[in-house]
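Structure assessment
Okay, here's what each chain looks like letter by letter:
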Amino acid sequence: MSGEIIVFIILGTIAVASAAGMLLSRNAVYSAVFLILNFAILAIFYLLLGAPFIAMVQVTVYAGAIMVLFMFVVMLLGAERLTGPTGTSIGYMIVAGVLLVGLIGTSVYAISRALTLTAGQTGLAELLGSVEAAQEFGSPASVGTALFSQYVLPFEVVALLLLVAMIGAVVLTQDKKKAIDINAMQRERREAQAKAILEKQLQTYQATHSTNGDGDKADAPADAPRPAEASE
Amino acid sequence: MIEIPIGYYITLSAILFTMGVLGVLFRRNAIIIFMSIELMLNAANLALVAFSRQHAAIEGQAFVFFVMTVAAAEVAVGLALIVAIFRTKHSVNIDEINQLKG
């Protein structure tokens with residue numbers, strides 16, 4: 001077993017362990033940190049596979065932007081410990097178990113087939129014909145050439161998709177309650193003003209009628225004008 | 001250039017994808033489910049890059065670029081949805097998000 005394969009096994013073990021940590025940790029912040037570790041290991045694999053541009057994009061976009069977004073939402077919601085009790089129905093668990101068994105069976109089959117491909121990879125220089133072409137393979141220039149020549153239409157469609165996603169995120173997170181709250185605030189203020197006017201009228205009424213009557217008589221007519229005023 | 005057989009990379013990709021599906025099936029926190037989806041997308045990316053290296057074809061890496069872009073868009077919209085749901089339900093547990101009326 002050569003040194004490269006030992007390095008691969010160590011890195012692969014870290015990748016699988018970090019994925020397991022992501023799945024098993026109770027705290028969503030720890031899950032995000034484990035996932036960042038997993039993405040970093042995958043970036044190293046991309047470098048080993050002759051894809052330096054994809055490795056850099058992996059670090060900046062996935063481990064950088066996407067995971068920062070995840071962290072931001074976890075912190076914003078305070079949802080790091082919001083797993084709660086799992087009151088899952090039995091039928092759902094049966095369906096999940098059947099799917100799981102099928103998936104693991106397929107994976108074991110695929111892995112057993114894949115592990116028969118033990119022949120070492122052909123060198124890039126042999127595949128591409130020259131050492132210069134092998135050094136260029138996977139560089140930003142070569143990936144960019146492919147993107148802007150052969151795949152220019154998908155590239156533009158993806159740009160449109162990003163625009164739509166941005167608009168969608170803005171629309172979804174818009175706080176619609178704020179507009180309603182302003183209306184409610186105005187209504188409350190009008191009601192408070194009307195109530196103050198009523199109180200003032202009530203006081204003047206009691207002041208004018210307090211000389212020729214006791215408290216019980218003053219209260220009964222004082223309540224009477226209130227619904228009439230409020231209905232206006 | 002390091003010469004690791006492609007079977008190793010496909011094996012790792014299959015394991016990571018399976019773990020992603022496990023997360024989607026058995027975790028109830030919507031944010032963790034999103035992270036599991038990201039894990040599956042990355043497993044697919046690893047397989048694509050491995051095949052790209054095997055055949056010395058740059059198209060695989062161009063496709064990985066597209067997958068990453070779609071993943072970024074999906075995360076932006078998905079997390080916005082989670083925030084919107086959390087505002088009304090005060091929960092990200094998907095068992096409590098089982099009705100369409102707000």
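Predicted model, so just to flag it, every value in this text is computed and none were measured.

**Description of the overall build of chain B**
Summing up its helical and strand segments, chain B has three helices and zero strands in all. The linear arrangement of helices and strands in chain B, starting from the amino end, is α-α-α. The C-alpha radius of gyration computed for chain B amounts to 17 Å, which surpasses the reference 13 Å derived for 102 residues by more than 25%, pointing to a less compact arrangement than a globule. In terms of principal-axis extent, the alpha carbons of chain B reach across some 55 × 25 × 20 Å. The burial tally for chain B puts 62% of its 102 residues in the buried class. A fraction of 56% describes how many contacts in chain B between residues 6 or more apart in sequence connect residues 24 or more apart. Summed over its atoms, the accessible surface of chain B is roughly 3,700 Å², and 71% of this surface lies on carbon and sulfur atoms. With 6 positive and 6 negative side-chain charges, chain B shows a spacing of 13 Å between the two charge centroids.

**A short note on the environment of M40 of chain B**
Residues and elements named next belong to chain B. Residue placement: M40 occurs in helix 2 (residues 30–54). Using a relative accessible area of 16% as the deciding quantity, one classes M40 as buried. The sequence separation of M40 and V24 amounts to 16 residues, and the corresponding C-alpha distance is 9.9 Å.

**Some remarks on the packing of helix 3 (residues 52–77) of chain A against helix 2 of chain B**
The geometry of helix 3 of chain A relative to helix 2 of chain B is characterised by a closest axis approach of 12 Å and an angle of 175° between their N-to-C directions. It follows from the interaxial angle that helix 3 of chain A and helix 2 of chain B lie roughly antiparallel. For the pair helix 3 of chain A and helix 2 of chain B, the contacting residues are I54, Q58, Y62, I66, F70, V73, V74 and L77 of chain A in the first and I31, F34, M35, E38, L41, N42, N45 and V49 of chain B in the second.

**Things to note about the interface of chain B and chain A**
By a frequent convention, interface size equals the accessible area lost on bringing the separate parts together. Listed per partner, the contact involves 71 residues of chain B and 85 residues of chain A. Taken together, both faces of the contact between chain B and chain A bury some 7,400 Å²; the carbon and sulfur share is 78%. Seen at the junction of chain B and chain A, the total is zero salt bridges. At the boundary of chain B with chain A, the tally comes to five residue pairs in polar contact (both at pLDDT 80 or more). Only helix 1 (6–26), helix 2 and helix 3 (59–89) of chain B provide two or more residues apiece to the side of chain B that touches chain A. For the side of chain B that touches chain A, the element with the highest residue contribution is helix 3 of chain B, accounting for 23 residues. Across the side of chain B that touches chain A, the residue classes break down as 50 nonpolar, 13 polar and eight charged.

**A word on helix 8 (residues 152–173) of chain A**
With 22 residues, helix 8 of chain A should reach 32 Å at 1.5 Å per residue; the first-to-last C-alpha distance of 32 Å fits that figure. By the burial criterion, the buried members of helix 8 of chain A are V158, A165 and A169 of chain A. Down the axis of helix 8 of chain A, the buried side of the element spans an arc of 30°, and every buried residue falls inside it. Residues of helix 8 of chain A that are exposed and point over 90 degrees away from its buried face: L153, V157, L160, V164 and V170 of chain A. Buried residues along helix 8 of chain A sit in contact with helix 3 of chain B.

**Remarks on the confidence of the model for chain B**
Residue and element names in this part refer to chain B. Mean pLDDT over chain B stands at 87; residues scoring 70 or higher make up 95%. Across chain B, the secondary-structure element scoring lowest on mean pLDDT is helix 1, at 88, and the one scoring highest is helix 2, at 93. Across the interfaces of the predicted complex, the ipTM metric reaches 0.91, alongside a pTM of 0.76.

**Remarks on the packing of aromatic side chains**
Counting across every chain of the model gives 10 aromatic pairs over all chains. Between F8 of chain A and F45 of chain A the ring centres are 5.2 Å apart and the planes differ by 45°, which places this aromatic pair in the tilted class. Taken together, the residues F8 of chain A in helix 1 (residues 3–24) and F45 of chain A in helix 2 (residues 28–48) connect sequence positions 37 residues apart. Judged by its relative accessible area of 0%, F45 of chain A falls in the buried class. Look at F148 of chain A and F155 of chain A: their rings are 4.7 Å apart centre to centre, the planes differ by 55°, and that puts the pair in the tilted class. Note on F155 of chain A: relative accessible area 21%, which makes it partly exposed. Site record: aromatic cluster; members linked through ring pairs are F53, F148, Y151 and F155 of chain A together with F65 and F66 of chain B.

**Things to note about helix 4 (residues 90–114) of chain A**
With 25 residues, helix 4 of chain A should reach 36 Å at 1.5 Å per residue; the first-to-last C-alpha distance of 35 Å fits that figure. Among the residues of helix 4 of chain A, A96, L100, L103, S107, I111 and A114 of chain A are the ones counted as buried. Looking at the packing, one finds that the buried side of helix 4 of chain A touches helix 1 of chain B.

Analysis parameters
- Residues numbered from 1 in each chain as written.
- Chains lettered and ligands numbered in written order.
- Predicted model: local features only at pLDDT ≥ 70, side-chain atom pairs only at ≥ 80, totals over all residues.
- Heavy atoms only, no water.
- Helix = DSSP H or I, 4+ residues; strand = E, 2+ residues; numbered from the N terminus.
- Rg over C-alpha atoms; globule rule 2.2 N^0.38 Å.
- Buried < 20%, exposed > 50% of the residue type's maximum accessible area, 1.4 Å probe, protein only.
- Contact = heavy atoms within 4.5 Å.
- Areas by Shrake-Rupley, 256 points an atom, 1.4 Å probe, with all protein chains shown as cover.
- Lys, Arg positive; Asp, Glu negative; His and termini not counted.
- Charge placed at Lys NZ, Arg CZ, Asp CG, Glu CD.
- Axes fitted to C-alpha atoms, helices over the stretch in contact; angles between N-to-C directions.
- Parallel < 35°, antiparallel > 145°, perpendicular 65-115°, else oblique.
- Buried area = accessible area lost by both parts, 1.4 Å probe.
- Salt bridge = Lys/Arg side-chain N within 4 Å of Asp/Glu carboxyl O.
- Polar contact = N/O pair within 3.5 Å; in protein donor to acceptor, adjacent residues only side chain to side chain.
- Nonpolar A, V, L, I, M, F, W, Y, C, P; charged D, E, K, R; others polar.
- Expected span 1.5 Å × (residues − 1).
- Arc of directions from axis to C-beta.
- pLDDT = per-residue confidence, 0-100.
- Phe/Tyr/Trp six-rings, centres within 6.5 Å; stacked < 30°, edge-to-face > 60°.

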